[in-house]
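Here is how the chains run, residue by residue.
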Amino acid sequence: MAPSSAANKKSQIVAEDAAARPARLLDWYDRHRRRLPWRPLPGERADPYAVWLSEIMLQQTGVKTVGPYFEKFVTRWPDVEALGRASLDEVLRMWAGLGYYSRARNLHACAVAVRRDHGGVFPDTEQGLRALPGIGPYTAAAISAIAFGRRTMPVDGNIERVVSRLFAVEAPLPQAKPLIQALAATLLGAGDENSRAGDSAQALMDLGSSICTPKKPACALCPLTGDCLARARGDQEAFPRKAAKKTGALRRGAAFVVTRGAELLVRTRGEKGLLGGMTEVPTSDWSAAQDDRSALKQAPALRGVARWHRKAGLVTHVFTHFPLELVVYSAKVAARTRAPAGMRWVPVATLADEALPNVMRKVIAHGLGL
Ligand code: SF4
């Protein structure tokens, strides 16, 4: 065979392979799809409420952690109408422990908006969904593909990994995102608006979480192994390429665990900003420059506290933009000691009902020696 015809033949095989990928992916999904509480069984229609709720919960949290929270939410609020009637405080309490609390506030605002402005029915287009609180481009694409069969490809971290390996994308994240998005869209099957776009997206999500894992991908089991460029080169784990990460500077502060008999002194954070609307024990400011002496000066003014007891060790927590170290001080006050303005006493036995973020759970456990 002449060299040019051999080359033509090869490019034809590659093109045919590329065209067959969407079907291979769907075929694999039909046999190996994960069973997830929010996912309908094969042949059933997806419930937009379940898809939306799970996608918001999964934004910064893994499937295992989300499962019980999802079940709790749908048991308490079986549809978006019911969630739209709940109070924000109730939703925050139910969300406590899941982290990234702005999601809970947006979840509530979104349910209220769907109930009030859309008659309790989610809009079925990406544009309509994006107009709702807490729904960004990824979540809008995911809901419109999975719940409404729109021909669009949402790209999450799992899909980024699969696609960057499949095509050996050299550009680092996050600059590579538009390219990865375009390449991911080539894995959608041919078809109109009613295609199986949601299944194609979920197939890639499942592939990324169970086979094309960050370390030691199980390429032998992958339906795309035959035409994966990273696999052919043997450097799968080098993808996706990532730009050097900038982490925020360490912040420091003090937290004050004060008990009055079987009660604990707490306050509610302001609505806006980090952990907005959540419950906390009083703390100093958190800043890179904070030292022990100035942090202690910000202790709550309570009658009868002659001396704060500094607990050994530190409580550490990592937020998205900065790590935090807190010194914990404890004190006991007499019965009938009044809470300072803006604070309140709550029984330790009912703390589980408070909207306590994880960092505060750690602080309270440390301060009470639990
Ligand atoms: S062949 Fe391996 S690296 Fe390539 S997509 Fe499949 S699991 Fe990922």
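Residues numbered from 1 in each chain as written. Predicted model: local features only at pLDDT ≥ 70, side-chain atom pairs only at ≥ 80, totals over all residues. Heavy atoms only, no water.

Some points on the overall build of the protein
At step 1: Scanning the protein from terminus to terminus reveals 14 helices and seven strands.
At step 2: Here the protein holds 370 residues, and the buried ones make up 48% of them.
At step 3: A separation of at least 24 residues holds for 68% of the contacts in the protein among residues at least 6 apart in sequence.
At step 4: Of the roughly 18,800 Å² that the protein leaves accessible, carbon and sulfur atoms contribute 54%.
At step 5: Computed over 52 positive and 34 negative side-chain charges, the separation of the two mean positions in the protein equals 8 Å. (Helix = DSSP H or I, 4+ residues; strand = E, 2+ residues; numbered from the N terminus. Buried < 20%, exposed > 50% of the residue type's maximum accessible area, 1.4 Å probe, protein only. Contact = heavy atoms within 4.5 Å. Areas by Shrake-Rupley, 256 points an atom, 1.4 Å probe, with all protein chains shown as cover. Lys, Arg positive; Asp, Glu negative; His and termini not counted. Charge placed at Lys NZ, Arg CZ, Asp CG, Glu CD.)

Looking at the confidence of the model for the protein
At step 1: Summing up the model confidence of the protein, the mean pLDDT is 90 and the portion of residues at 70 or higher is 94%.
At step 2: The least confident element of the protein is helix α1 (residues 3-32), whose mean pLDDT is 69; the most confident is helix α4 (residues 80-85), at 98.
At step 3: For residues 9-15, every residue scores under 50 in pLDDT, and the model assigns this stretch zero contacts once sequence neighbours within four places are set aside. (pLDDT = per-residue confidence, 0-100.)

A closer look at the packing of helix α2 (residues 48-57) against helix α8 (residues 137-146)
At step 1: Between α2 and α8, the least distance of the axes is 10 Å, while the angle of their chain directions is 150 degrees. One element, α2, and the other, α8, form an angle in the roughly antiparallel class. You can see that α2 and α8 cross each other, and the crossing is right-handed. For the pair α2 and α8, contact is made by V51, W52, E55 and I56 and by Y138, T139, A142, I143 and I146, respectively.
At step 2: In terms of residue class, the contact of α2 with α8 is made up of seven nonpolar, one polar and one charged. (Axes fitted to C-alpha atoms, helices over the stretch in contact; angles between N-to-C directions. Parallel < 35°, antiparallel > 145°, perpendicular 65-115°, else oblique. Left-handed = near helix turned anticlockwise from the far one by under 90°. Nonpolar A, V, L, I, M, F, W, Y, C, P; charged D, E, K, R; others polar.)

So, the layout of surface pockets
At step 1: Reported here for the largest pocket is a volume of approximately 710 Å³.
At step 2: Of all the secondary structure elements, the ones that give two or more residues to the lining of the largest pocket are α2, α8, α9 (157-166) and α11 (197-210).
At step 3: With four residues, α11 is the largest single contributor of residues to the lining of the largest pocket.
At step 4: For the lining of the largest pocket, the per-class residue count stands at 10 nonpolar, nine polar and seven charged.
At step 5: Size it by volume and the second largest pocket reaches roughly 440 Å³.
At step 6: Those elements that place two or more of their residues in the lining of the second largest pocket are α8 and α11.
At step 7: It is α11 that contributes the most residues to the lining of the second largest pocket, four residues altogether.
At step 8: The residue inventory of the lining of the second largest pocket, partitioned by class, reads nine nonpolar, six polar and seven charged. (1 Å grid on protein atoms, 1.4 Å probe; cavity = no way out; pocket = protein on both sides within 12 Å on 5 of 7 lines; lining within 4 Å. Points joined across faces, edges and corners; volume = space filled by probe spheres on them.)

Re helix α10 (residues 177-185)
At step 1: Within the sequence span of α10, burial applies to I180, L183 and A184. Buried residues of α10 fall within an arc of 100 degrees about the axis and therefore sit on the same side.
At step 2: For α10, the elements touching its buried residues are α9. (Arc of directions from axis to C-beta.)

Let's talk about the packing of aromatic side chains
At step 1: Across all of its chains, the model carries nine aromatic pairs by this definition.
At step 2: Centre to centre, the rings of W38 and F70 are 5.4 Å apart; their planes meet at 70 degrees, and the pair counts as edge-to-face. Within this pair, whereas W38 is found in the loop between α1 and α2, its partner F70 is found in helix α3 (residues 63-76), the two being separated by 32 residues in sequence.
At step 3: For the ring pair Y49 and W52, a centre distance of 5.9 Å and an interplane angle of 40 degrees mean the geometry is tilted. Placement of the pair is Y49 and W52 together in helix α2, with a separation of three residues, close to one helical turn. Grouping residues by exposure puts Y49 and W52 together as buried.
At step 4: Each residue in the set Y49, W52 and F122 is aromatic and connected to the rest through ring pairs, giving one cluster.
At step 5: Positioned above the aromatic ring of F239 is the side chain of R241, whose terminal nitrogen or guanidinium carbon lies 4.4 Å from the ring centre.
At step 6: The aromatic ring of W286 is capped on one face by R269, whose charged end is 5.2 Å from the ring centroid. (Phe/Tyr/Trp six-rings, centres within 6.5 Å; stacked < 30°, edge-to-face > 60°. Lys NZ or Arg CZ within 6 Å of the ring centre and 35° of its normal.)

Looking at the site of the ligand
At step 1: Neighbouring the ligand are R165, I211, C212, C219, C222, T225, C228, R231 and Q236.
At step 2: At a threshold of 2 Å from the grid points, most atoms of the ligand map onto the largest cavity.
At step 3: Grouping the constituent residues of the shell around the ligand by class yields five nonpolar, two polar and two charged. (Near = heavy atom within 4 Å. Sits in = over half its atoms within 2 Å of the grid points.)

Examining a positive patch on the surface
At step 1: Residues K215, K216, K242 and K245 make up a contiguous surface patch of positive charge.
At step 2: In this fold, K215 is placed in the loop between α11 and α12 (229-233). (Patch = residues over 30% accessible without salt bridge, like charges linked within 9 Å, V, L, I, M, F, W, Y side chains within 5 Å. Salt bridge = Lys/Arg side-chain N within 4 Å of Asp/Glu carboxyl O.)

Concerning the pairing of strand β2 (residues 263-268)
At step 1: With two bridges joining them, strand β1 (residues 251-260) and β2 adopt antiparallel strand pairing. The residue of β2 that forms the bridge with R260 is E263.
At step 2: Relative to strand β7 (residues 343-347), β2 is paired through five bridges, and the arrangement is antiparallel. Within the sheet, the bridge partner assigned to L265 lies in β7 and is W345.
At step 3: Alignment of β2 against strand β3 (residues 279-280), held across two bridges, turns out to be antiparallel. Considered in β3, the bridge of R267 is made with E280. (Pairing = 2+ DSSP bridges.)

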